[in-house]
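Each chain, letter by letter, is given below.
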Amino acid sequence: MSEAPQQTDAGLNALSDALDVSFRILRYVMLILVVLYLLSGFYTVDQHERAFVLIFGKAGTGPDRIKGPGFHITLPRPFARVVKVETERALSAESDHFAIPYQDLSGVMDPEAMMPMGSSDPFGYTLTADANVLHTGWKFDYQISDPEAFAFRYENQAQVLTNELDHAVVKVSARKRIDEALQSEIEQFRAEVEIELRDRFEKLGLGVQLRSVDVLSREPPVEVADAFSDVIAAENDRSRMIHEARGKASTDLN
């Protein structure tokens, strides 16, 4: 009769020991998790970056609000959030909103086999001063000059930059004839877009410095591309013949 109580006591003691060990392990695990959570407040800023720490969604004030390259510590999430901005490095963005998209019909990346997808009607375009349709693709290089303005003045800053490029292209295209934009004043067209875009960046205070603007593509509508090519070829022949005639006239006069 006495063996049953002894077995029960032994079982309870074993259960108590097991629970004690389990709770001890759980305490260690919780302690490790707390330490790891606190360590998540450590962060590094690379050489070409600047960082801002938002405490409860608000940026700090004073000279210490901008964190330079190195190792830093702050409150872990969700109490704090680190916003990093690339500086001292050339960045670039492109806009193909007015360009004609192309597809490779042969399955091979051969430029000769690249054909436009459908007609030009659904494609983005700009209107020139003589009411012609112009398709262009653009790229610009920039550098962040004011990290704070770039990070907090506008939401989705990259989209804002691209939108301003599109606005500049539309505005300058309306001042050019189609022949000027496609052939005779290509560099002036590009330069005017760059001046317009630089002015917009400064007025909006985007915190970026424009370095250059490049034209990636320029072409007329697909339906009249052959006619434009013929006109350009004829103008080139005309210029060549005038140059040759003037040279011959100069020789005869001499």
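Residues numbered from 1 in each chain as written. Predicted model: local features only at pLDDT ≥ 70, side-chain atom pairs only at ≥ 80, totals over all residues. Heavy atoms only, no water.

Counting its regular elements, the protein contains 6 helices and 11 strands. For the protein, buried positions account for 28% of its 254 residues. Intrachain contacts of the protein at a sequence separation of at least 6 include 73% that bridge at least 24 residues. With the model as given, the accessible surface of the protein reaches about 16,500 Å², and the carbon-plus-sulfur share is 56%. (Helix = DSSP H or I, 4+ residues; strand = E, 2+ residues; numbered from the N terminus. Buried < 20%, exposed > 50% of the residue type's maximum accessible area, 1.4 Å probe, protein only. Contact = heavy atoms within 4.5 Å. Areas by Shrake-Rupley, 256 points an atom, 1.4 Å probe, with all protein chains shown as cover.)

This part takes up the side chain of Ser95. As for its placement among the helices and strands, Ser95 is situated in strand 6 (residues 91–98). With relative accessibility at 4%, the residue Ser95 sits in the buried group. A distance of 2.5 Å separates a polar atom in the side chain of Ser95 from a polar atom in the side chain of Asp166. Aside from chain neighbours lying at most four places away, what touches Ser95 is Gly137, Trp138, Thr162, Leu165 and Asp166. (Polar contact = N/O pair within 3.5 Å; in protein donor to acceptor, adjacent residues only side chain to side chain.)

Note that predicted coordinates carrying low pLDDT should not be read in detail. For the protein, per-residue confidence averages 80 on the pLDDT scale, and residues scoring 70 or more make up 85% of the total. A low-confidence stretch, residues 103–121 (pLDDT under 50), is modelled with 26 contacts involving residues beyond four sequence positions or located in other chains. (pLDDT = per-residue confidence, 0-100.)

For the structure shown, the criterion picks out 3 aromatic pairs. Ring centres of Phe140 and Tyr142 lie 5.6 Å apart, and the angle between their planes is 35°; on these two criteria the pair is classed as tilted. Comparing Phe140 with Tyr142, the two get one shared label, buried. An aromatic cluster of at least three residues, connected via ring pairs, comprises Phe140, Tyr142 and Phe201. (Phe/Tyr/Trp six-rings, centres within 6.5 Å; stacked < 30°, edge-to-face > 60°.)

A few words now on the sheet that holds strand 5 (residues 80–86). Here we have 3 strands laid out as an open sheet, ordered 3-2-5, and antiparallel in their pairing. What marks the edges here is a single partner per strand, and that holds for strand 3 (58–59) and strand 5. For strand 2 (residues 49–55) and strand 3, the ladder comprises 2 bridges, and the chain directions are antiparallel. In the strand pairing of strand 3, Ile55 is matched with Lys58. (Pairing = 2+ DSSP bridges.)

With phi around 65°, Ala131 is a residue other than glycine that occupies positive phi space. Along the chain, Ala131 turns up in the loop between strand 9 (126–127) and strand 10 (133–144). Non-glycine residue Asn156 carries a positive phi angle of around 55°. Along the polypeptide, Asn156 turns up in the loop between helix 2 (147–152) and helix 3 (157–173).

Okay, the environment of Ser217 next. If you trace the backbone, Ser217 turns up in strand 11 (residues 208–219). Note on Ser217: relative accessible area 23%, which makes it partly exposed. Each C-alpha atom, one on Ser217 and one on Thr136, is 5.2 Å from the other, the two residues being 81 residues apart in sequence. Excluding residues within four positions of it along the chain, Ser217 makes contact with Ala99, His135, Thr136 and Gly137.

Here the structure, examined in full by the defined rule, presents 14 salt bridges. Two residues, Lys176 and Glu185, come together in a salt bridge whose shortest N-O distance is 2.8 Å. Ionic pairing is found between Arg177 and Glu180, a salt bridge with its closest N-O pair at 3.0 Å. Salt bridges here are not isolated pairs; linked through shared partners, they connect Arg175, Lys176, Glu185 and Glu192. (Salt bridge = Lys/Arg side-chain N within 4 Å of Asp/Glu carboxyl O.)

With that out of the way, let us pick up the nonpolar core. Ranked by internal contacts, the top residues of the largest apolar core, which has 29 residues, are Phe140, Tyr142, Leu161, Val193, Leu197, Phe201 and Val208. Elements with a minimum of two residues in this core: strand 6, strand 10, helix 3, helix 4 (178–184), helix 5 (186–204) and strand 11. Of the residues forming this core, the biggest block, 6 residues, is contributed by helix 3. If we ignore the near neighbours within four places in the chain, the residues touching Phe201 are Phe140, Leu161, Glu164, Leu206, Val208 and Leu210. Ranked by size, the runner-up nonpolar core spans 5 residues in total, among them Tyr43, Val45, Ala51 and Val53. (Core = buried A, V, L, I, M, F, W, Y, C linked by side-chain atoms within 4.5 Å.)

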